[in-house]
Amino acid sequence: MNIVVVGCGKIGSMIVSSLVSEGHEVTVIDEKADVISDLTNIYDVMGVCGGGTDFEALEEAGAGDADVFVAVTDSDEVNMLSCNIAAKMGASRTIARVRKPEYNKEKNLAVMKSQLGLSMTINPELLAAHELFNILKLPSAVKLETFSNRNFEMAELILKADSGLCGMRLSDLKGRYKSNFLVCTVTRGEEVTIPTGNFELKNGDKIGIIATHLELQRTLREMGFLQKQAKNVMILGGSKIGFYLARMLTSGGNSVKIIEKQENVCEELSRTLPGAVITHGDGASQELLFEEGIRSVDAFLALTGLDEENILISIFASSQNVPKVISKVNRDEMSAMADRLGLDCTVSPKKIVSDIVVRYARALQNSYGSNVETLYKIADGKAEALEFNVTAESGVAGIPLKDLSLKKGILIAGIIHERRPFIPNGDDEICAGDRVIVVSEQKYLSDLSEILAK
């Protein structure tokens, strides 16, 4: 597809990288000539130097012919106006990055979409806060994804040396545990495997488990993974992510403390978050962290704008035996470093947004209507979990799973049939109207029919 991306900062560059890897024709627009030069040198993209509301720049980039027009500059207003101009020029669909809390109120969003011709708005900070909130509800997981209105949940966990799962084959798990679940991925070092029953688990493996919400809780409890939900939370950094997350937590009765070194930000947070404790100070000070009670919290989240600071202070929090430590890390090289240093739980807003844009583009590409409803990069981005709607033309309906000829590295992990979610076996069939969860070592699936070997 022909996709135009306006604004090539951290998030824009990540979106461009993902879209190019998917085979789309991408044109980028940015006001900085060096940014355009870098992107056109790294990727096979066209570049236009100009502003997001510059009609001539948009025209040169072919905004009017775009299948998808994405505006992700640092300005909400520029993004919305850019999308509005592109839509009037003829762009088929538009996506705007909209971050300000006042714009993200439900009524405001509805009006803006209607009046400005926006197909979708994305708020990286709000999306990241939702991901963090989900993890804090299930802190034994390093990542938690949900499918089909929480009918299914997929948790990624790291096996420790004292785990009862180490040394066990997957085929033996069913006999040991009564709950209904499926181990769908195992990450060992740099390799990701969709395992068979003979696969033996080892210390240090990162495993992906899928189950319904209640079954996942039961599974983790039986396996000894389940930790209590984080009720007492300390957040370093009064960023938008911190604000959104604190609002979610305090509305649920959690105790939240935010440490922020900018006085004006503290004043704003005190006004907008009456249920949270706001502390003005430098969170890099160990003395301050001790004074604020870091040793007694259930979870510590480092959400400043500096990856290095988040990593270092998270390491310190881990050394104080905080049960759950999470870092915001945007740069890929920093994320790899965090993992090597033992910080197994990180969040990246740019990756979350990139996944959403990729999913949107794939859903538009499908040829039979069995489109991608949900898409997550899992196992450190080396595999994907997708949710498809099933049509009679998909090529998989009405055939027992054991008789389907699937491509290598494909697993049908869950089916939602008439609102009933279940982990399927070989005798089960997929029906038209179902929703299906597919886990794939391969990337770029856009249609359910593509899971079949030819």
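Conventions and cut-offs
Residues numbered from 1 in each chain as written. Predicted model: local features only at pLDDT ≥ 70, side-chain atom pairs only at ≥ 80, totals over all residues. Heavy atoms only, no water. Helix = DSSP H or I, 4+ residues; strand = E, 2+ residues; numbered from the N terminus. Contact = heavy atoms within 4.5 Å. Pairing = 2+ DSSP bridges. Axes fitted to C-alpha atoms, helices over the stretch in contact; angles between N-to-C directions. Salt bridge = Lys/Arg side-chain N within 4 Å of Asp/Glu carboxyl O. Buried < 20%, exposed > 50% of the residue type's maximum accessible area, 1.4 Å probe, protein only. Patch = residues over 30% accessible without salt bridge, like charges linked within 9 Å, V, L, I, M, F, W, Y side chains within 5 Å. Areas by Shrake-Rupley, 256 points an atom, 1.4 Å probe, with all protein chains shown as cover. Parallel < 35°, antiparallel > 145°, perpendicular 65-115°, else oblique. Left-handed = near helix turned anticlockwise from the far one by under 90°. Nonpolar A, V, L, I, M, F, W, Y, C, P; charged D, E, K, R; others polar. 1 Å grid on protein atoms, 1.4 Å probe; cavity = no way out; pocket = protein on both sides within 12 Å on 5 of 7 lines; lining within 4 Å. Points joined across faces, edges and corners; volume = space filled by probe spheres on them. Domains from an automatic or database assignment. Buried area = accessible area lost by both parts, 1.4 Å probe. Core = buried A, V, L, I, M, F, W, Y, C linked by side-chain atoms within 4.5 Å. Polar contact = N/O pair within 3.5 Å; in protein donor to acceptor, adjacent residues only side chain to side chain. Phe/Tyr/Trp six-rings, centres within 6.5 Å; stacked < 30°, edge-to-face > 60°. Lys NZ or Arg CZ within 6 Å of the ring centre and 35° of its normal.

On to the environment of Leu138, then. Mapped onto the elements of the fold, Leu138 is located in the loop between α6 (124-137) and β7 (143-147). Each C-alpha atom of the pair Leu138 and Asn389 lies 28 Å from the other, and the pair is 251 residues apart in sequence. Excluding its chain neighbours within four sequence positions, the residues that come into contact with Leu138 are Leu144, Ala155, Leu216, Gln217, Leu220 and Leu226.

So, about the sheet that holds strand β6 (residues 120-122). A sheet is described by the order of its strands in space; here 6 strands give the open sequence β3-β2-β1-β4-β5-β6, paired in parallel fashion. Looking along the sheet, the strands with just one partner apiece sit at the ends: β3 (46-49) and β6. The average undirected angle you get between the axes of adjacent strands in this sheet is 15 degrees.

Enumeration according to the criterion identifies 24 salt bridges in this entry. A salt bridge links Asp74 to Arg97; the nearest nitrogen and oxygen atoms lie 3.6 Å apart. With Asp74 in the loop between β4 (68-71) and α4 (76-89) and Arg97 in strand β5 (residues 94-97), this pair connects stretches of sequence that are 23 residues apart. In this structure Asp74 comes out as exposed when scored by relative accessible area, which is 66%. Owing to a relative accessible area of 8%, Arg97 belongs among the buried residues under this scheme. In this structure, Asp332 engages Lys351 in a salt bridge whose closest nitrogen and oxygen atoms are separated by 3.6 Å. One end of the pair, Asp332, is in helix α13 (residues 332-340); the other, Lys351, is in helix α14 (residues 349-365), and 19 residues separate them in sequence. What makes Lys351 partly exposed here is its relative accessible area of 32%.

Let us now look at the pairing of strand β1 (residues 2-6). Among the 5 residues that make up β1, 4 are buried, leaving the element largely enclosed by the rest of the structure. Examined bridge by bridge, β1 and strand β2 (residues 25-30) share 5 bridges and lie parallel to one another. Residue Ile3 lies in a different strand from β2, and its bridge partner there is Val26. Of the pairings in the sheet, the one linking β1 to β4 comprises 4 bridges and is parallel in character.

This part takes up a nonpolar patch on the surface. Judged by side-chain polarity, Leu312, Ile315, Met337 and Leu341 come together as a nonpolar surface patch covering roughly 350 Å² of accessible area. With respect to the helices, strands and loops of the structure, Leu312 is situated in helix α12 (residues 307-319).

In contact at an axis separation of 8 Å, α6 and helix α9 (residues 240-251) are set at 45 degrees when each is read in the N-to-C sense. For the element pair α6 / α9, the angle class is oblique. Considering the relative orientation of α6 and α9, their crossing is right-handed. Between α6 and α9, the residues in contact are Glu125, Leu126, Ala128, Ala129, His130, Leu132, Phe133 and Leu136 and Lys240, Ile241, Tyr244, Leu245, Met248 and Leu249, respectively. Tallied by class, the residues present in the contact of α6 with α9 amount to 11 nonpolar, 1 polar and 2 charged.

Our focus in this paragraph is the layout of surface pockets. Here the second largest pocket defines a volume of roughly 510 Å³. Along its surface, the second largest pocket is lined by 28 residues, and Ser140, Ile158, Lys160, Gln227 and Asp344 are the ones closest to its centre. Those elements giving two or more residues to the lining of the second largest pocket turn out to be β8 (152-158), α12 and β16 (324-328). Partitioned by chemical class, the residues of the lining of the second largest pocket number 14 nonpolar, 10 polar and 4 charged.

This part is about the domain arrangement of the protein. One can read the domain layout of the protein as domain 1 (2-122), domain 2 (232-347) and domain 3 (357-451). Between the C-alpha centres of domain 1 and domain 3 there is a distance of 29 Å. Carbon and sulfur atoms supply 74% of the area that domain 1 and domain 3 bury against each other, a total of about 960 Å² over both sides. Three residues, Glu22, His24 and Arg93, lead the burial of domain 1 against domain 3; their summed loss comes to 44% of the area buried on that side. Along the contact surface separating domain 1 from domain 3 lie 1 salt bridge.

What follows concerns the sheet that holds strand β17 (residues 346-347). If you walk across this open sheet you meet the 6 strands as β14-β13-β12-β15-β16-β17, and the pairing is parallel. At either margin of the open sheet sits one strand with a lone partner, and together these are β14 (277-280) and β17. Relative to β14, strand β13 (residues 255-260) is paired through 4 bridges, and the arrangement is parallel. Bridging across to β14, Ile259 finds its partner in Thr279. Contacts from helix α10 (residues 263-272) reach β13 and β14, with the element oriented near 170 degrees to β14.

Moving on: the nonpolar core. Counting 76 residues, the largest nonpolar core has Leu245 and Leu301 as the members making the most contacts within it. Sequence-distant contacts of Leu245, that is, excluding residues within four places in its chain, are made with Ala129, Leu132, Phe133, Leu136, Ile235, Leu301 and Leu303. Membership of the second largest hydrophobic core comes to 23 residues, among which are Leu138, Leu144, Leu173 and Ile207.

What follows is about the side chain of Arg97. At 3.5 Å, the side chain of Arg97 forms a polar contact with the backbone oxygen of Thr73. When near neighbours in sequence (up to four residues on either side) are disregarded, Arg97 contacts Ile11, Ala71, Val72, Thr73, Asp74, Asp76, Asn79, Ile122, Pro124 and Glu125.

Right, let's get into the packing of aromatic side chains. By the definition in use, this model includes 4 aromatic pairs. Note on Tyr177 and Phe181: the rings are 6.5 Å apart at their centroids and 65 degrees apart in plane angle, and the pair reads as edge-to-face. There is no split in this pair, since Tyr177 and Phe181 are both buried. Over the ring of Phe181 we find Lys174; its NZ or CZ atom is 4.8 Å from the centre of that ring.

Moving on: the pairing of β7. With 4 of its 5 residues buried, β7 lies for the most part within the structure. Here β7 pairs with β8 via 5 bridges, running antiparallel. Pairing of Lys143 across the sheet is with Glu156, part of β8. Once β7 ends, the chain turns through 4 residues before running back antiparallel as β8, passing Ser148 with a positive phi of about 50 degrees.

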